[in-house]
Amino acid sequence: MNRSRVHRRPLVRPLPLVAVAAIAALLGTGVVAAPAEASPAAHVGRPVTDPARYVDPFIGTSGDGNTWPGATAPFGMMQWSPTGTAGDQTSTPVANGYSYDVNRLRGFSLTHLNGAGCAPGAAGDVPIMPVTTPVTTSPSADSKDAVYAAGYSHDDEHASPGRYGVALDNGVRTDLAVTTRAGVGAFTFPAGKDANLLFRTSNSINGSEAATTRVDPRTRTVSGSVLTGGFCSRRANGGGATNPDRRSYYRIYFTATFDTAFASTGTWKDGEVRPGGTASSGGEGYLTGADRAGRGSGAWVGFDARRGATVTARIGISYVSAAGAVANRDAEVTKRSTVASVAAGTRASWNRELSRLRVGGGTADRTTQLYTSVYHALMQPNTLNDRDGRYLGPDLQVHRKDRGHRAVYGTYSGWDQYRAQIQLLALLRPDVAGDMAQSMLRFAEQNGGVWDRWLHLGAPTHVMTGDPSAATLATWYAMGVRNFDVRAAYASLKRQATVENTDAESDIGCPGQCLAQRPALDEYLERQYAANDDCSCWGGAAETLENSISDSALGYWAGSMGLRSDARMFAERGTYWENTFNAAVGHQAARQADGSWTPGWSPSTGTGFAQGTSAQYTWLVPQDVRGLSSALGGDAAAVTRLDAFFHDASGNWAVTGRDATRFDPTNEPDIHTPWMYNALGKPWKTQETVRRVVDDAYSTGPDGLPGNDDLGTMSAWYVFASIGLFPQTPGRAEMLIGSPTFSTVEIRRSSGERIVIRSSGTEQYVQGARLNGWTHERSWVPASFVTRGGTLALHVGDTADTGWASGERGRPIDR
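Residues numbered from 1 in each chain as written. Predicted model: local features only at pLDDT ≥ 70, side-chain atom pairs only at ≥ 80, totals over all residues. Heavy atoms only, no water.

Where do I start with the packing of aromatic side chains in this structure?
Each aromatic ring pair is described using two quantities: the centre-to-centre distance and the angle formed by the ring planes. Scanning the entire structure with this criterion turns up 29 aromatic pairs. Their ring planes at 55° and their centres at 5.9 Å tell us that tyrosine 524 and tyrosine 576 sit as a pair that is tilted. Of this pair, tyrosine 524 sits in helix 9 (residues 521-527) while tyrosine 576 sits in the loop between helix 11 (564-573) and strand 28 (581-582), and the two are 52 residues apart along the sequence. The buried category is assigned to tyrosine 524, whose relative accessible area is 3%. Judged by its relative accessible area of 7%, tyrosine 576 falls in the buried class. Ring centres 5.2 Å apart and planes at 35° place the aromatic pair phenylalanine 609 and tyrosine 617 in the tilted group. An identical accessibility class is assigned to phenylalanine 609 and tyrosine 617; each is buried. Aromatic ring contacts, followed pair by pair, group Phe189, Phe199, Phe254, Phe258, Phe262 and Phe303 into a single cluster. The ring of tyrosine 477 has arginine 482 lying over it, and the distance from NZ or CZ to the ring centre is 3.6 Å. Positioned above the aromatic ring of tryptophan 597, the side-chain terminus of arginine 591 is 5.1 Å from the ring centre. (Phe/Tyr/Trp six-rings, centres within 6.5 Å; stacked < 30°, edge-to-face > 60°. Helix = DSSP H or I, 4+ residues; strand = E, 2+ residues; numbered from the N terminus. Buried < 20%, exposed > 50% of the residue type's maximum accessible area, 1.4 Å probe, protein only. Lys NZ or Arg CZ within 6 Å of the ring centre and 35° of its normal.)

In structure tokens, the structure reads:
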């Protein structure tokens, strides 16, 4: 979900790269010694054995990437990362709270979202802030963050998988490490100054309805909870005060135990400060600016730092109960745990995940980008259940995870993720994908049978458009994921697609966060398109295109299960995109309930679309490229149109998203388009276009992502571009072939399959291929390559082979 376009800028400081000596080998297993730094041209020869060393958590923290650099574990519940301030305590510089370009912090929060696109976004719960001044006024009254915030320099900041640290200008050095549900933080205070830790319990990014904090000097413990939610709550969405997400939908509990006795305590509520206090309560509300300023509550604890002091806190969180937070903490960080020991364990966990994709033969920069992208993509889904198996459902009731499932997972930006991130998750961790599918099924059951488009934790936020859950689970099934209740999930998603639910006609939250799921379904099925003036949706054309993809995916799924009647029905519905294609202008366009075209059309219009334009959405037909080609006047005409989509009027590449009528790599609706040449018989154009996007839109450094990462979607796109494969269409497991940026790629799925891609080099043009030893003249690999494994060997060069896979048999099959 993107809100603004990226502005490229030079790096504030160079980030160190680690590389190994170049070795001309296609496949190997040895470890090669590495110098401390390397030039961008250096190559990593043999497959990487310590991929965590190549992860740079600062990539995407500037230029609208909206990532954050703090400590997290794979699929973690806790994400301990700084929250910045630009002088307004009721807001944040960017969606997740941290911007590389804002060098002032007001706390280190326990939860974050990766790459959400609205500011303030969500989470950022329980900021903990070390200060070296006496607490004489209420931190909540410090509405401009003038007193209880601190500056810092990036020269004094470091981050790696599972660990984050920074030295603040106030003299305090903070060092953080986490496990899945807990963490250890060390705060080193300078000698001769006050040493206080503020627990700003009510100050979640979007505010809070209620918060409580308690201090127990006897056990050296600070604990509490915050009742919060409010996803993107600043946005009016055309509904003003009716924004459906200005509401509470979760409570997070925390408990922090220290190794050092408290020298002092205190609490505050709104403008009142209470030295010596040990209990406080009070929320902030969900508005911003003057409507929220000065409200809130929290507590502080002070330490004796006359000679300097390092205090260490063990902290646990839970969405279930205070006892759950204690149990999570004590099970995952023992009394002997240190920042270093916890960080080492989590780094090992990251190495296990990252090593499922082993690459070699690429530059150090590309290796850094690749492994950072995998890292970002596997931050989510997030673990929701406590260690005892209990979790909070969207009904705000506590449930227990199903037998046979390792975890309950949540947080799903469906409209974004179904295009690349969920495929990467299924490719690397089909077991996690299955647990996520089961979790989503249970969330839907707890939500009146509705599968929401965008889940924060397990709760519906209604963000974006379409029915991405259908496309997601159909894709996971196609890619071999079976560890979920397949029949029940399909039946539930079929019902959502065929029986109008209670809120389907509601306009609350529109546009952007429409309460309706499968909106105005009865009218949609009657007209076979979503009418822009009568759809209870963000935009009629976008809704039609998104539903067509999801219905097509449900048809593939039904066919795989032998449900022939369903398969035919959904396949037919997968062609409804034709009803919003305006042949007179050759584009997708918004259409009214009476069948007329919505006035004011132009290729750059956003009317009828969601975060995109007519020119960009016209290509959103991955399930029927041949049908789209026919509508555009045939393959030759479609290729000419696609060429113009990636080039300006002078023929120069235009792939950075600055033109509303051309390709936009900063947002999701058209990120599949560089790969569409395969279906048009021009795979060599896919190869050069994808490589151009990789080179022009992505980079190392803080501004290395082209737009909002959207829970790993932009990162997942980069991973697929790097390994030379891309999902053909939702609901299918076939992959389109591109040209890898590495000479060796090895994927070891958690289900046991091994996928190998060998390339004769890293040039951008494929000049021949062999699949499992046989000559391969197709620009795609079959589903069995994913579900059973295999070896794809590519011969590449620096000139286009316009004959390879360009014939009719070389093209991917649409239906």
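Honestly, the confidence of the model for the protein in this entry has me stumped. Any pointers?
Atomic detail in the predicted coordinates should be set aside for any region of low pLDDT. Model confidence for the protein is summarised by a mean pLDDT of 93, while 93% of its residues fall at 70 or above. A low-confidence stretch, residues 2-41 (pLDDT under 50), is modelled with 110 contacts involving residues beyond four sequence positions or located in other chains. (pLDDT = per-residue confidence, 0-100. Contact = heavy atoms within 4.5 Å.)

What exactly am I supposed to notice about the state of the cysteines here?
Here, disulfide denotes a covalent bond that connects the sulfur atoms of two cysteines. Applying the stated criterion across every chain, the model contains three disulfides. Disulfide partner of cysteine 118: cysteine 232, at an S-S distance of 1.6 Å. Its torsion about the S-S bond being -60°, the disulfide of cysteine 118 and cysteine 232 is classed as left-handed. On the criterion of sequence distance, the pair formed by cysteine 118 in the loop between strand 4 (104-109) and strand 5 (128-131) and cysteine 232 in the loop between strand 12 (221-229) and strand 13 (248-258) is long-range, its members being 114 residues apart. For the pair cysteine 118 and cysteine 232, one class covers both residues: buried. Disulfide pairing places cysteine 535 opposite cysteine 537 at an S-S distance of 2.0 Å. Its S-S torsion of about -80° marks the bond between cysteine 535 and cysteine 537 as left-handed, since a negative value means left-handed. You can call cysteine 535 buried: its relative accessible area is 4%. Residue classification places cysteine 537 among the buried positions, given a relative accessible area of 10%. In the protein, the bonded cysteines, taken in the order they occur along the sequence, pair up as 1-2, 3-4, 5-6. (Disulfide = S-S within 2.5 Å.)

What is the right way to look at the pattern of salt bridges in this model?
For side chains of opposite charge, pairing can occur when their charged atoms come near one another. The tally for this structure, following the rule as stated, stands at 34 salt bridges. The salt bridge involving arginine 347 is made with aspartate 50; its shortest N-O contact spans 3.5 Å. With a gap of 297 residues between them, arginine 347 in helix 2 (residues 339-354) and aspartate 50 in the loop between strand 1 (43-44) and strand 2 (71-72) connect regions that are remote in the sequence. Arginine 347 sits in the partly exposed class, given a relative accessible area of 26%. Relative accessible area serves as the criterion here: at 24%, aspartate 50 is assigned to the partly exposed category. (Salt bridge = Lys/Arg side-chain N within 4 Å of Asp/Glu carboxyl O.)

Would you mind going over the sheet that holds strand 30 (residues 725-727) with me for this structure?
Adjacent strands of a sheet form backbone hydrogen bonds with each other and so pair up, either parallel or antiparallel. With antiparallel pairing, three strands are arranged side by side in an open sheet as 30-31-36. Two strands close off the open sheet at either side, each with one partner strand: strand 30 and strand 36 (780-781). (Pairing = 2+ DSSP bridges.)

Could you clarify how one ought to interpret the environment of arginine 46 in this entry?
Note on placement: arginine 46 falls in the loop between strand 1 and strand 2. Spatially, the C-alpha atom of arginine 46 lies 22 Å from that of leucine 771, the residues being 725 residues apart in sequence.

Would you mind going over a negative patch on the surface with me for this structure?
A surface patch of like charges, here negative, comprises Glu505, Asp507, Asp522 and Glu526. If you trace the backbone, aspartate 507 turns up in the loop between helix 8 (486-498) and helix 9. (Patch = residues over 30% accessible without salt bridge, like charges linked within 9 Å, V, L, I, M, F, W, Y side chains within 5 Å. Areas by Shrake-Rupley, 256 points an atom, 1.4 Å probe, with all protein chains shown as cover. Lys, Arg positive; Asp, Glu negative; His and termini not counted. Charge placed at Lys NZ, Arg CZ, Asp CG, Glu CD.)

I would appreciate a short explanation of the pairing of strand 17 (residues 297-302) in the present structure.
Regular strands show a simple pattern: their side chains alternate between the two faces of the sheet. Taking burial as the measure, the six residues of strand 17 include six buried ones, the bulk of the element. Burial of strand 17 is two-sided: the residues Ser297, Ala299 and Val301 facing one way and the residues Gly298, Trp300 and Gly302 facing the other way are all buried. Relative to strand 17, strand 10 (residues 196-199) runs antiparallel, the two being bridged by four bridges. What sits directly across from leucine 198, in strand 17, is tryptophan 300. Both strand 14 (residues 264-269) and strand 17 contribute to a ladder of six bridges, which runs antiparallel. Among the inter-strand pairings, threonine 265 is bridged to a residue of strand 17, identified as valine 301.

Mind showing me how you'd approach the layout of surface pockets here?
In this approach a probe as big as a water molecule rolls over the atoms, and the regions it shows empty are the leftover space. Taken as a whole, the largest pocket spans an internal volume of roughly 620 Å³. Residue lining of the largest pocket: 23 residues in total, with Pro74, Thr180, Ser349, Arg352 and Arg406 positioned closest to the centre. Contributing elements (two or more residues each) for the lining of the largest pocket: helix 2 and helix 6 (430-446). (1 Å grid on protein atoms, 1.4 Å probe; cavity = no way out; pocket = protein on both sides within 12 Å on 5 of 7 lines; lining within 4 Å. Points joined across faces, edges and corners; volume = space filled by probe spheres on them.)

Explain the pairing of strand 12 to me, please; I cannot follow it from the model alone.
Most of strand 12 is tucked away, with eight of its nine residues classed as buried. The pairing of strand 11 (residues 210-216) with strand 12 spans seven bridges and is classified as antiparallel. Within strand 12, the residue paired with aspartate 216 across the bridge is threonine 221. Looking at chain direction, strand 12 and strand 13 are connected through nine bridges and run antiparallel. Looking at strand 13, one finds that valine 226 is bridged to isoleucine 252.

Honestly, the nonpolar core in this entry has me stumped. Any pointers?
One recurring pattern in soluble globular proteins is that nonpolar side chains are buried together. Ranked by size, the top nonpolar core spans 199 residues in total, and within it Trp476 and Trp557 carry the most contacts. Once residues lying within four places of it in the same chain are set aside, the contact partners of tryptophan 476 are Ile422, Leu425, Ala426, Ala433, Met436, Ala437, Met440 and Val481. Ranked by size, the runner-up nonpolar core spans eight residues in total, among them Ala177, Ala182, Val184 and Val339. (Core = buried A, V, L, I, M, F, W, Y, C linked by side-chain atoms within 4.5 Å.)

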